[in-house]
Every structure is written in structure tokens, then in C-alpha cells.
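Structural characterization, general
These are the residues of each chain, in order.
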Amino acid sequence: MRVSALSPSNSAGGLTILLLLLDFITPAATVKHENFKTCSQSGFCRRNRAFADHALTPESNWVSPYEIKENTVLLQNGILSAEILKTVPGQTEKVVLPLNINFQKNGAVRVTIDELKRTKGDIVLRGESKARKERYNEAERWALIPDWDVRDDKVVYDNQKGQITLTFGPELKYKAIVTVYPFNIKFERDGETHVVLNDRGLMNVEHWRAQPAEPEEGKEKSPEDLDGGWDETFGGNTDTKPRGPEAVSMDISFPGYDHVFGIPSHATSLSLKTTRGGEGAYEEPYRLYNADVFEYIVDSPMTLYGSIPFMQAHRKGSSVGVLWLNAAETWVDVVKEKKTKTDTKTHWVSESGQLDVWVFLGPTPQTLYKAYGELTGFTKMPPSFAIAYHQCRWNYVSEDDVKDVDRKFDKHDIPYDVIWLDIEYTDGKRYFTFDPLTFKEPEKMMKNIDKAERKVVLIIDPHIKNTENYPVVEELKSKDLAVKDKSGDIYEGWCWPGSSHWIDAFNPAAIEWWKSLFKFDRFKGTAKNTYIWNDMNEPSVFNGPETTMPKDNLHFGNWEHRDLHNLNGMTFMNATHQALEARDVGKGKTQRSFVLTRAFFAGAQRLGAMWTGDNEAKWEHLQASLPMLLSQGIAGFPFSGADVGGFFGNPSKELLTRWYQSGIWYPFFRAHAHIDAKRREPYLTGEPYTSIIRDAIRLRYALLPAWYTAFHRASKDGMPIIRPNFVAHPDDEEGFAIDDQAYIGDTGLLVKPVVGEGVDKVDIHLADDEIYYDYWTHKIYQGKGKKEYSAPLEKIPLLMRGGHIIPRRDRPRRSSGLMKHDPFTLVLVLNKRGHAMGWLYHDDGESFDYKQGAYIHRQFMYNGSRKTLSSRDLHKDRAAAETYKKAASALQIEKIVIVGASNSLDTSALAEGRSKAKAILVEDDNGKVKEWHASLGYTAAVDKDHGDVLVIKNAKLKIGNDWTIYLEQVGAEDKPKDEL
Ligand code: NOJ
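Reading guide: rules and limits
- Residues numbered from 1 in each chain as written.
- Predicted model: local features only at pLDDT ≥ 70, side-chain atom pairs only at ≥ 80, totals over all residues.
- Heavy atoms only, no water.
- UniProt positions renumbered as here; feature names shortened; annotations may be inferred.
- Helix = DSSP H or I, 4+ residues; strand = E, 2+ residues; numbered from the N terminus.
- Rg over C-alpha atoms; globule rule 2.2 N^0.38 Å.
- Buried < 20%, exposed > 50% of the residue type's maximum accessible area, 1.4 Å probe, protein only.
- Arc of directions from axis to C-beta.
- Contact = heavy atoms within 4.5 Å.
- Near = heavy atom within 4 Å.
- Polar contact = N/O pair within 3.5 Å; in protein donor to acceptor, adjacent residues only side chain to side chain.
- Areas by Shrake-Rupley, 256 points an atom, 1.4 Å probe, with all protein chains shown as cover.
- 1 Å grid on protein atoms, 1.4 Å probe; cavity = no way out; pocket = protein on both sides within 12 Å on 5 of 7 lines; lining within 4 Å.
- Sits in = over half its atoms within 2 Å of the grid points.
- Nonpolar A, V, L, I, M, F, W, Y, C, P; charged D, E, K, R; others polar.
- Pairing = 2+ DSSP bridges.
- Axes fitted to C-alpha atoms, helices over the stretch in contact; angles between N-to-C directions.
- Points joined across faces, edges and corners; volume = space filled by probe spheres on them.
- Domains from an automatic or database assignment.
- Disulfide = S-S within 2.5 Å.
- Core = buried A, V, L, I, M, F, W, Y, C linked by side-chain atoms within 4.5 Å.
- pLDDT = per-residue confidence, 0-100.
- Parallel < 35°, antiparallel > 145°, perpendicular 65-115°, else oblique.
- Left-handed = near helix turned anticlockwise from the far one by under 90°.
- Salt bridge = Lys/Arg side-chain N within 4 Å of Asp/Glu carboxyl O.

- Labelled according to an unreviewed UniProt entry, the chain appears under the name alpha-glucosidase, originating from Arthrobotrys oligospora.
- The UniProt entry for the chain carries the following comment under Catalytic activity (unreviewed entry): "Hydrolysis of terminal, non-reducing (1->4)-linked alpha-D-glucose residues with release of alpha-D-glucose."
- We quote the UniProt Sequence similarities (unreviewed entry) comment for the chain here in full: "Belongs to the glycosyl hydrolase 31 family."

1. Remarks on the overall build of the chain
- A count of helical and extended segments in the chain gives 17 helices and 53 strands.
- Over its C-alpha trace the chain gives a radius of gyration of 29 Å, about what one expects of a compact globule, namely 30 Å for 980 residues.
- Each principal axis of the C-alpha atoms in the chain carries an extent, and together these give about 105 × 75 × 55 Å.
- Counting over 980 residues, the chain shows a buried share of 64%.

2. With respect to helix H7 (residues 442–450)
- Along H7, the positions that sit buried rather than exposed are Pro442, Met445, Met446 and Ile449. An end-on view of H7 places all buried positions within 100° of arc, on one side of the element. Among the exposed residues of H7, those pointing more than 90 degrees away from its buried face are Lys444 and Lys447.
- Looking at the buried side of H7, the elements it contacts are helix H6 (399–411), strand E22 (418–421), strand E23 (455–459) and strand E27 (530–534).

3. Details of the site of the ligand
- The full set close to the ligand counts 13 residues, and Asp422, Asp535, Arg598, Asp614 and His672 are the nearest of them.
- Contact between the ligand and Asp614: an oxygen atom at 2.4 Å from a side-chain N or O atom of the residue.
- Calculation on the ligand without its partners gives an accessible area of 300 Å², and the protein chains cover 98% of this total.
- Judged by its atoms lying within 2 Å of the grid points, the ligand is housed in the largest cavity.
- Residue composition of the shell around the ligand, grouped by class: 8 nonpolar, 1 polar and 4 charged.

4. Details of the sheet that holds strand E32 (residues 640–641)
- Pairing is parallel across the open sheet formed by 8 strands, whose spatial order is E32-E31-E30-E27-E23-E22-E21-E33. Looking at which strands have only one partner, the edges of the open sheet turn out to be E32 and strand E33 (669–671).
- One ladder, built from 3 bridges, connects strand E21 (residues 389–391) with E33; its direction is parallel. Bridged to His390 within E33 is Arg670.
- Relative to E23, H7 is tilted by about 140°, and along the sheet it contacts E22, E23 and E27.

5. Some points on the layout of surface pockets
- By volume, the largest pocket amounts to about 840 Å³.
- Looking at side-chain class alone, the lining of the largest pocket contains 18 nonpolar, 8 polar and 12 charged residues.
- Mapped onto the domain boundaries, the lining of the largest pocket takes at least three residues apiece from domain 2 (384–728) and domain 3 (745–979).

6. Observations concerning the UniProt feature "domain: Glycoside hydrolase family 31 TIM barrel" (unreviewed entry) in the chain
- If you check UniProt for "domain: Glycoside hydrolase family 31 TIM barrel" (unreviewed entry), the listed places come out as residues 380–710 in our numbering.
- Helix makes up 33% of residues 380–710 and strand 13%, whereas the separation of the span's terminal C-alpha atoms amounts to 12 Å.

7. Some words on the state of the cysteines
- Taken as a whole, this structure holds 1 disulfide when the rule is applied.
- Between the sulfur atoms of Cys39 and its disulfide partner Cys45 the distance amounts to 2.1 Å. Disulfide Cys39-Cys45: torsion about the S-S bond near -100°, hence left-handed. With respect to burial, Cys39 and Cys45 carry one shared label: buried.
- For the unlinked cysteine Cys392, the closest cysteine sulfur is that of Cys495, found at 17 Å.

8. As for unusual backbone geometry
- In this chain, Glu538 is followed by Pro539 through a cis amide linkage whose omega measures 5°.
- In this fold, Pro539 is placed in the loop between E27 and strand E28 (554–555).
- Omega for the peptide link from Glu687 to Pro688 comes to 5°, which places this bond in the cis form.
- Inspection of the secondary structure puts Pro688 in the loop between E33 and helix H13 (689–702).

9. Observations concerning empty space enclosed by the protein
- All told, the structure shown has 10 cavities of 30 Å³ or more when counted by the stated rule.
- Looking at the largest cavity, its volume works out to about 160 Å³.
- Trp394, Trp496, Asp535, Asp614 and Phe647 are, among the 18 residues lining the largest cavity, the residues nearest its centre.
- Among the residues making up the lining of the largest cavity, the classes are represented as 11 nonpolar, 2 polar and 5 charged.
- Approximately 80 Å³ is the volume attributed to the second largest cavity.
- As for the second largest cavity, its lining consists of 14 residues, and the residues nearest its centre are Phe378, Thr379, Gly636, Ala714 and Gly718.
- The leading source of residues in the lining of the second largest cavity is helix H5 (residues 365–376), at 3 residues.
- Of the residues that constitute the lining of the second largest cavity, the class distribution is 7 nonpolar, 7 polar and no charged.
- The two domains that each donate at least three residues to the lining of the second largest cavity are domain 1 (43–376) and domain 2 (384–728).

10. Brief notes about the sheet that holds strand E3 (residues 95–103)
- With antiparallel pairing, 8 strands are arranged side by side in an open sheet as E1-E2-E3-E4-E20-E17-E16-E14. In the strand order of this sheet, the two ends are held by strand E1 (66–76) and strand E14 (259–262), each with one partner. Pairs of neighbouring strands in the sheet enclose a mean axial angle of 20°, with direction left out of account.
- Across 8 bridges, the pairing between strand E2 (residues 79–86) and E3 is antiparallel. Along E3, the bridge assignment pairs Glu83 with Pro98.

11. A short note on the pairing of strand E5 (residues 156–160)
- Bridge analysis of E5 against strand E6 (residues 163–168) gives 5 bridges, and the strand direction is antiparallel. Within the sheet, the bridge partner assigned to Asp158 lies in E6 and is Thr165.
- What sits between the antiparallel neighbours E5 and E6 is a turn of 2 residues, in which Lys161 has the positive phi angle 40°.

12. Topic: the nonpolar core
- Formed by 183 residues in total, the largest nonpolar core has its most connected members in Phe360, Trp514, Phe518, Leu567, Phe594 and Trp665.
- Residues in contact with Phe360, not counting those within four places in the same chain, are Ala108, Phe310, Val320, Gly321, Val322, Leu323, Leu368, Ala371, Tyr372 and Leu375.
- Counting 53 residues, the second largest nonpolar core, distinct from the first, contains Tyr66, Val73, Trp324 and Trp348.

13. Observations regarding the confidence of the model for the chain
- With 96% of its residues at a pLDDT of 70 or more, the chain shows a mean pLDDT of 94.
- Under a pLDDT of 50 for its full length, residues 1–15 has, in the predicted model, 23 contacts with residues more than four places off or in other chains.

14. Regarding the pairing of strand E20 (residues 355–360)
- Taking burial as the measure, the 6 residues of E20 include 6 buried ones, the bulk of the element.
- Residues Leu355, Val357 and Val359 point to one face of E20 and Asp356, Trp358 and Phe360 to the other, with burial holding for every one of them.
- Taken together, the 5 bridges between strand E4 (residues 109–113) and E20 define a ladder with antiparallel strand orientation. Residue pairing across strands places Arg110 opposite Trp358, the latter belonging to E20.

15. Here we look at the packing of helix H9 (residues 508–517) against helix H10 (residues 561–582)
- Relative to each other, H9 and H10 sit at 45°, their axes nearing to 8 Å. As judged from the angle between their axes, H9 and H10 are oblique. Judged by the sense of rotation from one axis to the other, the crossing of H9 with H10 is right-handed. Residue-level contacts link Ile511, Trp514 and Lys515 of H9 to Phe572, Asn574, Ala575, Thr576, Gln578, Ala579 and Ala582 of H10.
- Grouping the amino acids of the contact of H9 with H10 by side-chain chemistry returns 6 nonpolar, 3 polar and 1 charged.

16. Some details on the pattern of salt bridges
- Within the structure shown, the criterion is met by 78 salt bridges.
- A salt bridge links Asp343 to Lys339, with the nearest nitrogen and oxygen atoms 3.0 Å apart.
- With relative accessibility at 11%, the residue Asp343 sits in the buried group.
- Residue Lys339 is classed as exposed on the basis of its relative accessible area of 58%.
- Asp427 serves as the salt-bridge partner of Arg430, at 3.9 Å between the closest nitrogen and oxygen.
- Here Asp427 falls in the partly exposed class, since its relative accessible area comes to 29%.

The following block contains the structure:
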């Protein structure tokens, strides 16, 4: 490979830097644990765990030292404000902590606690720092949507004997009971307590204090001299902590809840394990500190590349959640207390910032996700190509290479939509340039790729090469748009290009500048079909502490990096997203962006997709991927994927094949490989693997209408795109912890990928007594519990739950773009009573016209008693619906497949060959009834364990129209027409 980062002009760092870089390009055996802190190596985590241990020891007779000053309590315009006083042992003066409880119309509640002294800037910074003195209070600017604050002005207040009760929310069904001393808040719904803040008294706001002098010999340390509160050194880097110790922590209990989910990203089970040791438990808390943890280990609470501090607690009949809105390094302990019921108790600790907790009282997963999305935004509606198949590796090395891969996909009839270029396409890791030797005519390459409506994604990272004659770095410096070090000078660190500076995307001027760089006349060689991948945006800094930036670096507004670290990646993604959406793609029009990010925070779902970073070509990483992606869905960021095939190493053919069969169920479906990995494009695998992989990818393409519809739902109400058992069946207690199978949107498709070597059967958990049919053979699986499913290599374990209608497009094409005029198939999977229901959302897949109503949204309903299938318009805006209907009038449903037809229709005549094709009546949206001689195909059930299948061909039903078809006559003996 080319190690251009080590060109002589950059070799100043010498051997150390060489070793650092080699560390990143040579696969190691496993993650370098010693590069990342454990709780005991992180001062504030260690302190607050010790604080908790002390408080929870019965002998300590602990009483939380926080009390509301009652005469400060005021309820005004949906906000309860008050002062909390913190008693500090040995001090008469109490610490004043302003409290705000903000009640939202949808029932969400925000509790913020600040520190008066710091809000006034009344503290003295240590050293020469120029840092801001307040606790960071701008996380909401990035994480929440701009108009999130929709206040509940009907809160009912009652104050009795030290307990303030606030009744609020839709139909006044929620209560917050604030105890004045010791301060805590209980949240009730339906007369039961669901969430308690400071239940165990572990709240701790580390107030400002000057660093106490070293004790004289033989004297004790001042209690204000907090362990690890001042300069702290790790891995040779010293964090100067100009504001001293300032952590915030709180315990949050979920009484009666046995399962908690969320707080991605961790390579762990969906239902979170406990973290205080013991059998099957972790010893370490879950850590949220975005980091370049390449070659991460699975089954670990270690931090990964992105964080969303949203947690859901679920039990039969109830789902509630909390968002810990803090972008600093955060650790979360989880314990469970089993009495008659189980209580899950959590403990959250962040290094700095305000204490800012949101509580959502459900009661269902749907209402919870909707309320969370109304705050942080719903997933972005992606351009349609983005949910098709992406082909990536580090690197496609030249235009010829790209051409060759593109051609070979076609030669082997394997569809793909996007080819990706990793860092080697650049001229010496200078982003916004192409290597003049290997990518001489990038514009031509883009055009060539566009012939099959395909796209190119280019990587652009946030580190800007510090070199001569590079306009991008010159502008970054001259416009003063980079991150600064603790003294306010431009920060310099090492990444792929060697010495680099980092764009500070918190700065609005930096965003404007970034947008200018992506204009087609500036980023020469790019075109309308060029999209962007943002990597290394935790940020990854090879020579920084824990491979990231020093915490005392400074950002726009002089906020310390420590305060906003977990937001950093998202702000960079935001700048890129804005840049792509600002590109004029012709006639003043813009198009939807596609940005892939590695680092993220709550709210990043509004901007694009994420992937789980540098996994390995090992079975356990394949296995870890589904729980990780399910967790992303819970936390409101469902557009997620994992590198198919595994990034590091070389998968066996079997592993690669099984990975594709799993990967087609990732909302973001991309194969990727490390620069040292052998080439593994699906056509190279050889038979039978190539054919099996082709079939898998084609299945993804056939189901794209269902995926797009699922994305649309997620973009409207936050329902995950792939759903774990507990979301699809919230009352199925046995299935709450299941995370190795998933439902796809509302389709009733239930997949259980094979993730083990040599495995040829799996157990699929059925949550209810509905009929489930094998997707391939229509074999019936029924009865609650585990069902064995035979899954030889060529078979993807896939069931269809009765009662659903699945939209498909069945013609194999080279790309999704080439399918855009293709007709649809509807697969009706009849339930026990013969009914089925489903949805289809469709728009042009690229523009913003859908925001003006240019889309089709249908509900299909099969009524098993009346034997009718009808299509109903769900469009909100009739006029816009009519306009788009015309534009899409050529789109038709050409085939209707009815699985389990005999659950509704009398198919005996068909089965015995006594029935020919029958007239079907179609009623269109004007109420006109016409006859249509359908061509029918019928496959009788092979035995009683299989479903029968009726296929209605040549349907020619317009996708945008209302219609009803009457199937009563199908399969019946001839009858006079007027009896129909
Ligand atoms: C790290 C990313 O995780 C990986 O996907 C990428 O290939 C390399 N950086 C090189 O850009």
C-alpha cells in the first residue's frame, strides 16, 4: 500500500509517528485495552462509583444532601423552577443549584439542574485556560430539533407537606411527585411509579471549589480535594482540567422493570446486562465516549464510536424511557434487584455539563419512540438508492479498478447501487482532491457509474492535512475555523495525512465554509451522483489521549472539548449533510443528501446513516451485529449497518455468504474490507457461494418497496425499521431478551439469520399463536415458542406472519434506479381468520417534492369474510395526492400473491382442477365496477403443514388509485354473473 502520510516532508514525528500509524494500518489481534480507560482509571467515574458504594452501604446511614428551598418553588408556563440546596459537610454556606422541570405537551418531562456560581461565571479557572466557565448548556442546540419546546400549560400543582405533585400530560394521565428533602422525583402513570430520579440518593453535582493546597505532612487531605479532580494523566497525556472536578451524576430507577435497552453503541446484548459484577454480569459500567476503538471486542460494555444516552425500560404492559442529555464522557451502571418483581436501577455519571434528564412515560414502545422523536427528530427519509446495496473496500485504487468492479457486477447479474472510495482516492490525503495519477478523470468515472443510475460515495474526514500549497488548510487557518488547543492556538495532531488540523463544525462560519467546499465547481470531479462518507469524526487523533482530542482543547464559544466530545462527530456530519443538500443539481434544484457517519449522538438520525465501525471477519462479530443494530433502532437512529464480511481479516466463504444473508436485513447494507484484506466482491467467491449471495442481494432488491415504507414510518413516528421481538410483541415476556431475530417494519417478515459456522438449523421464537409461513416453501409454523427451522447454506431463515401484506418488486435489475418504472407485487399472507393488511409508501426517491405532497401512501386491506382486497389512500393532502398520482400513473400492481388462500377462499375446486380462471370484479375510485379476466395460478398445499398459494397475474391495478377487487368467484364453481 501507499503510505503517503509518511512522505519525507511529514516525517518530523519520526519513529513514534510511524509506529502510531502502523498501529492503525496493521491489523492487531484485538482491541488495545490499555489505550482506553476503565472506570477506575477515569477520575470522575472512580469518584462517583465510590460515592455510590458509600451511599449504598447500610452503615453509612446515607441521606442525600440535596433539598429544595421551598420558598423558591414557582410553576409558570409549564415550567416548575426552584433552587436546590446542597449541604457540604463542614461548610455553612450551601451550594445553590437552579432546578427546572419542563413539562411538554406530549407528556415528556425535562429536569435540568445547574450550578448558580458557574452560571454567573463566578469561578476561577486553573492555569492559563481561556475556557468558558459555565456548565455546558448547548447540547440541546444539536441534539434536539429547533422547535422542540411545546409546553404543557395545563399542569396541575399541589404542594402538601414537603411533596409537590404535578399532574400533567395528555388527559392529565401522568404525575411527577417531587420530594423536597431529600430531593427526588417519582414519575407515575396509571397510579404506579415507573421512573424515580435520585431514588437511591446517588445524585452528585460536583460544585466548584478552588484546588485545596497540598496538606502539610502528617495532615489529612481536605475533603474538597477530590480524587482525580485536578490534572489527570493517562497514556502519557495530561488533562489540565481548568475548572477542576465538575461531574454530575444521578441514579434512575425503574421499579418493576426487568429489562432495559438502548444507550448504544456497545457490542453487547440488546437487553442490557448488569455491571456490578456477579454471574454473567460486567464489572465495568457502560461507557459513552466516542472513540476509535478499532477491532473492538464483542460482549463488552466498552465504549465504541458513537453514543446515544437514551434508555428504554420495558415490561408487559409498559414501556418508559429516559434521555440523559449530556455530551461529555458518561458511564452508566445497571443493577437489578429481584424481590417479588425485579427493579432495574441505573446510575449515570458525566464528567461535566448540566444535569439534564428527560423522562418519557410511554406507555407503549410506539408512544415512547414517538415522544423521543418529537424531541430529537425522526430518521431522515433517505434517497432511495441509499437503502439498496453498497459496495466498498479500502480501496478501489483507480478509475480502471472502479470500472472493472462495476462491469463484473453486471457480468454476474448482481445488483448494486453504490461504489465507495476510501481515503486512497485523494491526492496524498488532501480531502477535496483526487489522486492525479489514479483518478485522472473523476467526472468521467461518475458519468460512467451513472449510466446504470449508480452512485459514488467519497470519504471526507474532519482532519485537514497540515501542508503547503493546500488551499483547504490555508482557508481553515486564515478563516480561523479550526479547533484550538488549551492556549487558544490552532490544535495540531496526527491522523491519516500525518500532521493535521480539525475543522470545528460547532462554529456556524465553519459550516458555511464547509458547504462552499462541496459545490460542484469547487470540488472538481464530483457530480450529482457523488455522496459522502464521514469517518474518523469521534474525532480520531492517532497521538491523542485515548486516540482522540485532548479534553482541554477549545471549540467555538470557548467550550472545552470535554463538554461536547460526544457531539463532535454529529456536528461534522451535520456540516456535510448541509453541504450536500445545498448543492445545485440543476435548474436551482437540490436533492436529498446521503452521509454515512461513524461517530454520532442523539439527533444524528436526522442527518443520515451510521455503521458500527471496524468489526472483524469472525463469526462472533457477525453475531454481534444484529443486537447492535436493533439497539440503534430503539435509540431512534435506525439507519444503521455493520461492515458485511467483517472489516479486518478474511472471511471464509461460508462466513461471507452467511454475512450477506444477514446483511440484507441491515437498514444500511454495505460490504467493506480493510486495505490488507483479500478482495472479496461477491462474484469472486465462486459457486455455489456467488449464486447464493446473488439471491440474497436480489431478495433485498425485491423487498425495497417494503424497506422504503418502513423508512417512511420511522421518519414519521420513530418506529424502528428492524424490530426486536419485544417491540413487535410487547406482551410476550419470554421474548423480551431475544435479539437474534428481527421483524422488518410492518411487513410481518421475521428473519433469524444464521450466524454460526456449520450451522444448518435455527430455532425461531414465535411470540403468538398466529400462523407463520416459511417464505420459501410456505410450510406452516404455528404455536407460541421455539420452532426448529432447517437452514442449509442456501437458505435464509425467513417467515411471514399471517395477517400482513408485503409489497415487492420482482424484476431483477442492475440497480434500484433501474427499477423505478417496474410494477409491484403484493404478497398477501392471510392470517387464521383469513385477513391481511399492509402498507406502501412511494415517492421519486431523490428530490424533496415529497414534502410538498408528491408521494403515494396506500393501505391495503384484505377482508377474508367479504373476500375483498382494497387499496385506501393515506395521503393527507388530497390535491397534492392527485397531482402525484398523475405523475406516477404508469406504476401498477401487476401481481397479487395470496399465501394461505384457503383461509378465506374455497379453493377445493381449484385444487381439484375443476375451476378455470374466473372473472374478478374491480371497483375503481369512481365507484365504477368492471370485470377483469384474471389469469390465475394456484398451487395447492403439499400437505396440511403447508399453505396454499393463489397468484393473480396481469392485475394492472394503478398504484395511486383507490380500488377494491372482489375475489368471491375465484375458485368457485361457475355461477351466473349477476350473483356476484
Ligand atoms: C477507519 C474506518 O472505520 C474504516 O472503515 C476505513 O476503511 C478506514 N478508516 C480508512 O479510511
